Amino acid sequence: MRKLDRAPAIRPANWVQVAQSAVPDAAAFQQKAQAFEALPLTDPTRRAGFTAYAPEVLPKRNGRPFFNPLWGQYKEPIAKISHDQCAYCECSLNSKRVQQVEHFKPKSLFPLSAYDWDNYLLACGGCNGPKSDKWPQNGDYLRPDDPAFDPSQHLTFDANGDVVGMTPTASQTIADFELKRKLLNDDRKLFINAIQEQLDLIVEFHALSAQRGEVLARELLHRVNDPRKTPYSTALTQFVAVSISTRLPGVPLRT
Ligand SMILES: [Zn+2]
């Protein structure tokens, strides 16, 4: 999970009108949503979700209340935040069909954020599916677009592609987004193995020419730290930084 900048996701000029058009009566929706969010997160009524609490202020499909998924029409700007990667696991999402607009705060518990442009992030089904409407009873999840977020303070990746949480918030995030799922770990390991081969060559180069080896090592670190050039860049950057510091001590580690 990288730290993300929301700035590229420019909010559509007509977003307020779009959001208001999602419900039959925007004022009634707002009023009920505010009352609902005043309930504690531990309250069973809150946990049962907004569609059960106030179905009358939501549109109906086949007689059932639902949140009109208008956000799905805005994948393109939202995808720019995370470079067409999942904002959580950093896998590549190379088709709009596999790109999902995820509500960081689930709409079932935070209806006021259902049409909050700043609540949207791009996610894969592997992360968005298990997270679904989950929200911790205490605290929150790691939020990649939080300006104060620093992945190195929360997440440690190993050479096998696995991830460990260093804080309670990180551990809860890993559990609820299933960030240790086997296929994801296997995919991260494939990329780490490919980088490992490049590092082995760089170490050989370094033995022949320390200057050239340093340049190549810094270039590799720079490249893996760029999410436009590789998926899983947080894991790869950690792996390369640790490898350089142990195998080529003295090479500066600036990314
Ligand atoms: Zn994901």
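What you are looking at is a predicted structure, and each value in this text was computed from that prediction instead of being measured.

Asker: Help me understand the pairing of strand E4 (residues 120-123), please; the structure alone is not making it clear to me.
Answerer: The side chains of a regular strand alternate between both faces of the sheet. Here E4 shows a buried face lined by Tyr120 and Leu122 and a second buried face lined by Leu121 and Ala123. With 4 bridges joining them, strand E3 (residues 100-103) and E4 adopt antiparallel strand pairing. Each residue of the ladder has a partner; that of Glu102, found in E4, is Leu121.

Asker: In this structure, what is going on with unusual backbone geometry? I would like to understand it.
Answerer: One non-glycine residue, Ser132, lies in positive phi territory at about 45°. Along the chain, Ser132 turns up in the loop between helix H6 (125-131) and strand E5 (155-157). The phi torsion at Tyr232 lies on the positive side, around 55°, for a residue other than glycine. Relative to the helices and strands, Tyr232 resides in the loop between helix H9 (210-224) and helix H10 (233-247).

Asker: Help me out: how do you make sense of the domain arrangement of the chain in this one?
Answerer: Many authors give the size of an interface as the accessible area that is lost as the parts come together. Looking at the chain, the domain boundaries give domain 1 (15-131) and domain 2 (182-247). Each of domain 1 and domain 2 was reduced to a C-alpha centroid, and the two centroids are 37 Å apart. In this complex, domain 1 contributes 7 residues to the contact, which on the side of domain 2 involves 8 residues.

Asker: I'm lost on the nonpolar core in this one. Help?
Answerer: As a rule of thumb, soluble globular proteins bury nonpolar side chains together. Membership of the largest hydrophobic core comes to 43 residues, with the highest contact counts inside it found for Cys86, Tyr88 and Leu122. Elements with a minimum of two residues in this core: helix H5 (75-79), E4, E5, helix H7 (168-176), helix H8 (182-208), H9 and H10. In terms of domain composition, this core takes at least three residues from each of domain 1 (15-131) and domain 2 (182-247). Residues contacting Cys86, with those up to four places away along its chain left out, are Cys91, Leu93, Leu122, Ala123, Cys124 and Cys127. Membership of the second largest hydrophobic core comes to 7 residues, among which are Val23, Phe36, Phe50 and Val57.

Asker: Explain the packing of H8 against H10 to me, please; I cannot follow it from the model alone.
Answerer: In helix packing, the relevant descriptors are the interaxial angle and the interaxial distance, both defined with respect to the helix axes. One way to put it is that H8 packs onto H10 with a least axis distance of 10 Å and a crossing angle of 30°. It follows from the interaxial angle that H8 and H10 lie roughly parallel. In the packing of H8 onto H10, the handedness of the crossing is right-handed. Taking contact as the criterion, the partners of Arg188, Phe191, Ile192, Ile195, Leu199 and Val203 in H8 are, on H10, Ala235, Leu236, Phe239, Val240, Ser243 and Arg247. Class assignment for the residues of the contact of H8 with H10 results in 9 nonpolar, 1 polar and 2 charged.

Asker: Just to check I follow, could you spell out H10 for this structure?
Answerer: Helical geometry: 3.6 residues make up each α-helical turn, so side chains three or four residues apart lie on a common side. The end-to-end C-alpha distance of H10, which contains 15 residues, comes to 20 Å, matching closely the 21 Å that a straight helix rising 1.5 Å per residue would cover. Regarding H10, the residues found buried are Ser233, Thr234, Ala235, Leu236, Thr237, Gln238, Phe239, Val240, Ser243 and Ile244.

Asker: Help me understand H9, please; the structure alone is not making it clear to me.
Answerer: Between its first and last C-alpha atoms H9 spans 21 Å; for 15 residues at 1.5 Å apiece the expected length is 21 Å, and the two agree. Along H9, the residues that are buried comprise Leu216, Ala217, Leu221 and Val224. Along the axis of H9, the buried positions cluster into a sector of 135°, meaning they face one direction only. Those residues of H9 that are exposed and angled more than 90 degrees off the buried face are Gln211, Arg212 and Glu219.

What counts, and at which threshold
Residues numbered from 1 in each chain as written. Predicted model: local features only at pLDDT ≥ 70, side-chain atom pairs only at ≥ 80, totals over all residues. Buried ≥ 20, exposed ≤ 12 C-beta atoms within 10 Å, placed from the backbone. Helix = DSSP H or I, 4+ residues; strand = E, 2+ residues; numbered from the N terminus. Pairing = 2+ DSSP bridges. Domains from an automatic or database assignment. Contact = placed C-beta atoms within 7 Å. Core = buried A, V, L, I, M, F, W, Y, C linked by C-beta atoms within 7 Å. Axes fitted to C-alpha atoms, helices over the stretch in contact; angles between N-to-C directions. Parallel < 35°, antiparallel > 145°, perpendicular 65-115°, else oblique. Left-handed = near helix turned anticlockwise from the far one by under 90°. Nonpolar A, V, L, I, M, F, W, Y, C, P; charged D, E, K, R; others polar. Expected span 1.5 Å × (residues − 1). Arc of directions from axis to C-beta.

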